[in-house]
Amino acid sequence: MRDSRRFSSYFIPTLKEDPREAEIPSHKLMIRAGMIRRLASGVYEFLPLGWKVVRKIEAIIREELNAIGAQEIIMSALQPKELWEESGRWELYGPELMRLKDRGGREFCLGPTHEEVVTRIVAENIKSYRQLPFSLYQFQMKFRDEIRPRFGIMRAREFYMKDSYSFDLTEEGCRNSYDKHYEAYKKIFTRCGLDYAIVEADTGNIGGEYSHEFMVLSSIGEEAVVVCSCGYGANTEMASYSIVEKSSDLEESSEEKEPVEVNTPGLSSIEEITGFMKMPAERFIKTLIYKTEKGLIAALIRGDAELNERLLKAAVGVEDLTMASPEEIQEATGAPLGFSGPLGIKVPIYADTEILSMKNAVSGANIKDYHLKNINPGRDFTPEWSGNLRLVRAGDLCPECSSELKILRGIEVGHTFLLGNRYSAPMQANYTDEKGDEKEIVMGCYGIGVSRLAAAAIEQHHDEYGIIWPTAIAPFEAVIIQIADDAESAAAGLYADLKEEYDILWDDRKESPGVKFKDAQLIGIPVQMILGKQFLKDGRVEVVFRSTGEKQYLLPEEIAGILKKHLRGK
RNA sequence: CGGGAAGUGGCUCAGUUUGGUAGAGCACUCGCUUUGGGAGCGAGGGGACGCAGGUUCAAAUCCUGUCUUCCCGACCA
């Protein structure tokens, strides 16, 4: 369905200056181009141009999901507390859940996601193995009371999302549904013109077995992702790696010296100590005390590394892991926060692999205001356990192909989860199999942040003049810029010829040429067709492509062919 | 929640240090001119300075409180 418009009667309030509230390109440009406006922090309205882009993305997603057999529904945004208590998430989800009461005092939330609702629907209506498998999806505004909304619609409290849910008889069937969504997602993001990476991810609040994030690569991305040229990808928490032994780590002093106490009054952070002792952070052992359900433990990582709590949890074999309080640190080490070290500590030690090869290292002395030099692992202390504990670093080696890993930043636009029975079990979404046995439905869920995707696309496609839309999601595919008044009837003719086949914006405003050129660039319409001086001289239209700046002078009858080639790839 | 910055016509900002009831550019209205890169000239309309309280003869300006917004961090599918 094409939707062509005349500029003079279409609501596009463009702005000449950057709005004060915006910091990043996509946020500035969406406001300047008249796509969105802010109502409150993290709450935005979509104006015609912005909504049109969202609807185009939506259409692509709908096509690809229908192609894998998923069925579109729409669920309620308002959800009763009881439903969330069944899944246990009324408590678990925390303050991010937007809660409210009706006049009778009954409690509700505005849906941040719809696992509970959809599982209820399926639990109530599916009884037999004959009715499975199938998938449902919807487009809807989601609500999350983000601690800090950011970057316009990039991280909003109310945002437009597509969420799908698959229902299968078996785990194997669920993997199949998962793969179908995974493949559909690849097509969707490719069609939207995005440069993206797929990474292994943690399942977080949603729960479940495993998951992938679809990340649009961008320097403003809020999450770091680890990628390899071989196709391996993971977020930093999930990334595995093998370590390169750098000779410089060992060269410093190969001969093991005797431990020496050093007075370091009031110096507790790695930064302070490295400055004081004039040694690089690589020579330090960072000793972190954690509290777990099995009691207090110590984790050792090199001074320049960051701990990966997911790995530590797995190493210790615990569910709960939190940083110890100053009192607990005193209990574990006999010294205050900032002076912990591996020697003489009273709790089990879990050491990162890198620690084992360190020579004459420095760490806390477990005595207030003292550190210890010349610590040699193995000789001076022996960890209960050792293995990888730190977060991946750029330059670590890929677990699959051993090339060096790169760390990039990404905007999460899609996330797929294999849920298993996370919701079907507590909410009793069961079916009866061939043998008459009752079984739990195996579920998957799959989200795409539609409004965020629009912003992410702008982050990847813009220049100093404005947006450069990928043609598939551009609000208009081409704009007729009518400059000379004498060209009006010709512009009208061109518009009439093209408007059924393409989304055409006809800039028929009584504005100066500069205004029209600037607006066309700002809004980022892929093809500009200019009727001005040149047209009056020899009847040829100046066709300019937004992405390359390339110009062609064409007769009106030649234009349809060019648009077909450029916009439809035919 | 911790740290930082900011709220002055529709928009972007100046004025606050050194109190004396407000200004620019853009936008808007009317007229004339102009028509290939956010037009020119002329004439107009529009704000009492986020809100509340206080100091003062006098507050956009000083003090106190409060609300809102943005940025960094913590946190979070």
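Residues numbered from 1 in each chain as written. Chains lettered and ligands numbered in written order. Predicted model: local features only at pLDDT ≥ 70, side-chain atom pairs only at ≥ 80, totals over all residues. Heavy atoms only, no water.

**Q** Could you give me a rundown of the pattern of salt bridges, with the residues and numbers involved?
**A** If you walk through the whole model with that rule in mind, you get 49 salt bridges. Residue Asp3 pairs with Arg5 through a salt bridge whose shortest N-O separation is 3.0 Å. Asp3 sits in the partly exposed class, given a relative accessible area of 24%. You can call Arg5 partly exposed: its relative accessible area is 36%. The partner of Glu354 in a salt bridge is Arg302, and the shortest N-O contact between them spans 3.7 Å. (Salt bridge = Lys/Arg side-chain N within 4 Å of Asp/Glu carboxyl O. Buried < 20%, exposed > 50% of the residue type's maximum accessible area, 1.4 Å probe, protein only.)

**Q** Let's hear about the nonpolar core: which residues, and what values?
**A** Core analysis: the biggest nonpolar cluster contains 65 residues, and Met35, Ile57, Phe189 and Trp469 have the highest contact counts within it. Here this core spans two domains, and each of domain 1 (50-239 + 407-458) and domain 3 (476-568) adds at least three residues to it. Sequence-distant contacts of Trp469, that is, excluding residues within four places in its chain, are made with Met35, Val53, Ala454, Ala457, Ile458, Ala474, Pro475, Ile523, Gly524 and Pro526. In terms of nonpolar packing, the next biggest core, distinct from the first, is built from 26 residues, Ala123, Leu136, Tyr165 and Cys445 among them. (Core = buried A, V, L, I, M, F, W, Y, C linked by side-chain atoms within 4.5 Å. Domains from an automatic or database assignment. Contact = heavy atoms within 4.5 Å.)

**Q** Quick one: what's the story with the layout of surface pockets, residue by residue and with numbers?
**A** Taken as a whole, the largest pocket spans an internal volume of roughly 1200 Å³. The wall of the largest pocket is formed by 40 residues, among which Arg144, Arg155, Glu213, Glu412 and His415 lie closest to the centre. Of all the secondary structure elements, the ones that give two or more residues to the lining of the largest pocket are strand 9 (158-168), strand 22 (406-420), strand 25 (442-449) and helix 12 (450-460). The element best represented in the lining of the largest pocket is strand 22, accounting for seven residues. In the lining of the largest pocket, the residues fall into 15 nonpolar, 12 polar and 13 charged. Space inside the second largest pocket adds up to approximately 650 Å³. Met1, Arg2, Lys56, Ala59 and Asp503 are the residues nearest the centre of the second largest pocket, which is lined by 22 residues in total. (1 Å grid on protein atoms, 1.4 Å probe; cavity = no way out; pocket = protein on both sides within 12 Å on 5 of 7 lines; lining within 4 Å. Points joined across faces, edges and corners; volume = space filled by probe spheres on them. Helix = DSSP H or I, 4+ residues; strand = E, 2+ residues; numbered from the N terminus. Nonpolar A, V, L, I, M, F, W, Y, C, P; charged D, E, K, R; others polar.)

**Q** Tell me about unusual backbone geometry, and please be specific about residues and values.
**A** The omega torsion of the bond from Leu132 to Pro133 falls at 0°, within 30 degrees of zero and hence cis. Mapping Pro133 onto the fold places it in the loop between helix 5 (115-125) and strand 8 (134-143). Non-glycine residue Phe151 carries a positive phi angle of around 55°. Mapped onto the fold, Phe151 is located in the loop between strand 8 and strand 9. With a phi close to 50°, Gln428 is a non-glycine residue in the positive phi region. On the secondary structure map, Gln428 appears in the loop between strand 22 and strand 23 (430-432).

**Q** Describe the packing of aromatic side chains, with residues and values.
**A** For the structure shown, the criterion picks out 17 aromatic pairs. The interplanar angle of 55° and the centroid separation of 5.7 Å between the aromatic rings of Phe189 and Tyr196 together place this pair among those described as tilted. Accessibility classification places Phe189 together with Tyr196 in one group, the buried group. Linked through ring pairs, Phe46, Trp51, Tyr137, Phe139 and Tyr160 together constitute an aromatic cluster. (Phe/Tyr/Trp six-rings, centres within 6.5 Å; stacked < 30°, edge-to-face > 60°.)

**Q** So what's going on with helix 16 (residues 556-568)? Which residues, and what values?
**A** Its 13 residues give helix 16 an end-to-end C-alpha distance of 18 Å, which sits within 8% of 18 Å, the value for a rise of 1.5 Å per residue. Residues of helix 16 that are buried include every one of Ile559, Ile562, Leu563 and Leu567, and no others. Residues of helix 16 that are buried in the fold lie against strand 28 (478-482), helix 13 (488-498), strand 30 (527-531), strand 31 (541-545) and strand 32 (551-554). Looking one or two places after helix 16, you find Gly569, whose phi comes out positive at around 65°. (Expected span 1.5 Å × (residues − 1).)

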